[in-house]
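Commentary on secondary and tertiary structure
Below, each chain spelled out in residue letters.
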Amino acid sequence: MVKLLVVFGTRPEAIKMCPLVREFRRRGRMEVRVCVTGQHREMLDQVLALFGVTPDYDLKVMQEDQTLFDITSRVLYGMKGVLEEYGPDLVFVHGDTTTAFAASLACLYEQIPVAHVEAGLRTRDIYTPFPEEYNRQAISLAAKYHFAPTQLARYNLRLEGRDPESIYVTGNTVIDALKTTVREDYKSELTEWAKGSRLIVVTAHRRENLGEPMRRMFRAIRRMADDFPDVKVIYPMHPNPAVRQEAYELLGGNGRIRLIEPLDAFDFHNLMNHAYFILSDSGGVQEEAPAMGKPVLVMRDITERPEGLEAGTLQLVGTDEEIIYRACRRLLEDKDRYERMSRARNPYGSGTASKKIADIIERDLL
Ligand code: UD1
Ligand code: UDP
């Protein structure tokens, strides 16, 4: 039997890879094992529980305040053991995390083919996002299959000389996940708390934003909450202690701002769906929001997801306090602008990416 190995380690990879694991398992024509690196712990386990995926291998690499050296070396060595024991015919990695990079490097060293899901996103600035832009370019070098979410991603891979026969445009598996989570009749304690107010949902965690940029972001959010009494803010905080410390200091003690633990994807997607708008430096949120018609002020200078800018849902606001604050103000005060940004236009496919990927792999390997 053909042996597949699906590797992931962080929350966003898990959200986007569990639909693929389930698709292969549903078909039952190939052996599919899952290796989690445990680059994340609680946030990863939340997703595994939600999608009912039990890993076959767990490298348990996470440490508090882990460095890129820690993650890379621990995943690389851990993967060596898994590859030697299982001997997969093909290994799936996702996107641009250090888990995905180190796993693809381990496959290269063992000369095992790699399938890259969410391939071809680029900013072409190696430090933005950091170290993700390097990771995704490096994975492309090792990959045999490039599953590009959009035509633009395909174009980026072609520019780098990748063989056109190895690139497939499939849409993004995040839409597959969204189809299983979002419910129009959803209600929770959080949505009840926000009732009658305009709810702003926040996420922030990027490595290159830690420190002063994140403080500026949080100050802008605080000003917005102080100046608009009909606004309530919910921020499910990333567990990174460097993020939390600043969040408590700059956003704590305001009755209209709630700093909470990370939500599982079911609750988070539905909370997004109840939001007035979203403030985020996250990648995945930029893909989900256009499908829901939820404006996102993206707290980055540059994005690898220009499809959302084109759809009109995203606005890049960088990390300057005044610019973020003014953009929030404008979106809260300018009804026409808000309506324009709120039209749902989904550039990431119809939720069939996992199916398309499985079809291609079965056609080639069975
Ligand atoms: C990682 C990825 C980033 C991705 C993000 C998604 C890299 C280099 N970075 O960044 O691309 O956007 O995940 O969230 O691959 N922590 C916990 N529990 C958890 C998760 C994290 O306590 O479940 C804490 C730990 O102290 C850890 C720290 O957060 O040391 C940072 O985690 P890490 O995976 O290194 O970086 P992220 O910012 O999460
Ligand atoms: N998300 C979640 N719970 C939260 C916050 C975010 O499930 O409390 C989801 C979000 O919907 C998206 C993914 O996590 O699918 C994004 O992850 P993150 O921002 O950690 O990483 P990035 O996408 O920036 O790599």
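Residues numbered from 1 in each chain as written. Chains lettered and ligands numbered in written order. Predicted model: local features only at pLDDT ≥ 70, side-chain atom pairs only at ≥ 80, totals over all residues. Heavy atoms only, no water.

**Here we look at the site of ligand 1**
Quick note on the threshold: Nearness is judged by heavy atoms alone; a residue qualifies as near a molecule or strand once a single heavy atom is within 4 Å of it. Using the Shrake-Rupley algorithm and a 1.4 Å probe, accessible areas are obtained, with residue cover drawn only from the displayed protein chains. Residue polarity is assigned by list, with Asp, Glu, Lys and Arg as charged and Ala, Val, Leu, Ile, Met, Phe, Trp, Tyr, Cys and Pro as nonpolar; anything else, Gly included, falls into the polar class.
Close contacts around ligand 1 come from 25 residues, with H40, E42, T98, E132 and H238 the closest. Here ligand 1 has 740 Å² of accessible area as a free molecule, and 95% of this is covered by the chains. Considering only residue class, the shell around ligand 1 consists of eight nonpolar, 10 polar and seven charged.

**Thoughts on the layout of surface pockets**
The line we're drawing: Grid points spaced at 1 Å and placed over the protein atoms alone form the basis of the search, with a cavity being a set where a 1.4 Å probe fits but cannot get out and a pocket an open set showing protein on both sides within 12 Å along at least five of seven lines. Lining residues have an atom within 4 Å of a point. Grid points are joined across faces, edges and corners, and a volume is the space filled by probe spheres set on the points. Helix and strand assignments come from DSSP, with helices taken as H or I runs of at least 4 residues and strands as E runs of at least 2, each series counted from the N terminus.
If you add up the space inside the second largest pocket, you get close to 190 Å³. Every residue lining the second largest pocket is listed: P19, R22, E23, R26, F51, D176, T180, G351, T352, S354 and K355. Of all the secondary-structure elements, those providing two or more residues to the lining of the second largest pocket are α1 (11–27), α7 (173–181) and α16 (353–365). It is α1 that contributes the most residues to the lining of the second largest pocket, four residues altogether. For the lining of the second largest pocket, the residue count by class is two nonpolar, four polar and five charged.

**Digging into the nonpolar core**
To be explicit about the condition: Each nonpolar core is a collection of buried residues, namely Ala, Val, Leu, Ile, Met, Phe, Trp, Tyr and Cys, held together in the definition by side-chain atoms within 4.5 Å. Note on classification: 1.4 Å probe, protein chains only; a residue is buried when its accessible area is under 20% of the maximum for its type, exposed when over 50%, partly exposed between these limits. Two residues form a contact once any of their heavy atoms are found within 4.5 Å.
I200, F218, M224, V233, Y235, F277 and L279 are the most contacted members of the largest nonpolar core, which totals 34 residues. Only β8 (198–203), α9 (212–227), β9 (231–236), α10 (241–251), β11 (277–280), α14 (321–333) and α15 (335–341) provide two or more residues apiece to this core. In terms of residue count, α9 provides more of this core than any other element does, seven residues in total. Setting aside anything within four residues of it in sequence, one finds I200 in contact with M224, V231, K232, V233, I234, Y276, F277, L279 and L332. Among the nonpolar cores identified, the runner-up in size contains 33 residues, and F8, I15, C18 and L20 belong to it.

**Things to note about the site of ligand 2**
Counted only if it meets this: Any pair of nitrogen or oxygen atoms within 3.5 Å is treated as a polar contact; in protein, a donor-acceptor pairing is required on top of that, and neighbouring residues in sequence qualify only through side-chain atoms on both sides.
Surrounding ligand 2, one finds 16 residues, the nearest of these being R11, L263, G283, G284 and E288. R206 has a polar side-chain atom sitting 3.0 Å from an oxygen atom of ligand 2.

**Side note on the packing of aromatic side chains**
Defined as follows: Side-chain rings of Phe, Tyr and Trp, where Trp is taken by its six-membered ring, are said to pair if the distance between their centres is within 6.5 Å; with planes under 30 degrees apart they count as stacked, over 60 as edge-to-face, and otherwise as tilted.
Taken as a whole and assessed by the stated rule, the structure comprises 11 aromatic pairs. Ring geometry for F101 against Y134: centres 5.5 Å apart, planes inclined by 70°, an arrangement best described as edge-to-face. Of this pair, F101 sits in helix α4 (residues 98–110) while Y134 is found in helix α5 (residues 132–142), placing the two residues 33 residues apart along the sequence. Residue classification places F101 among the buried residues on the basis of a relative accessible area of 14%.

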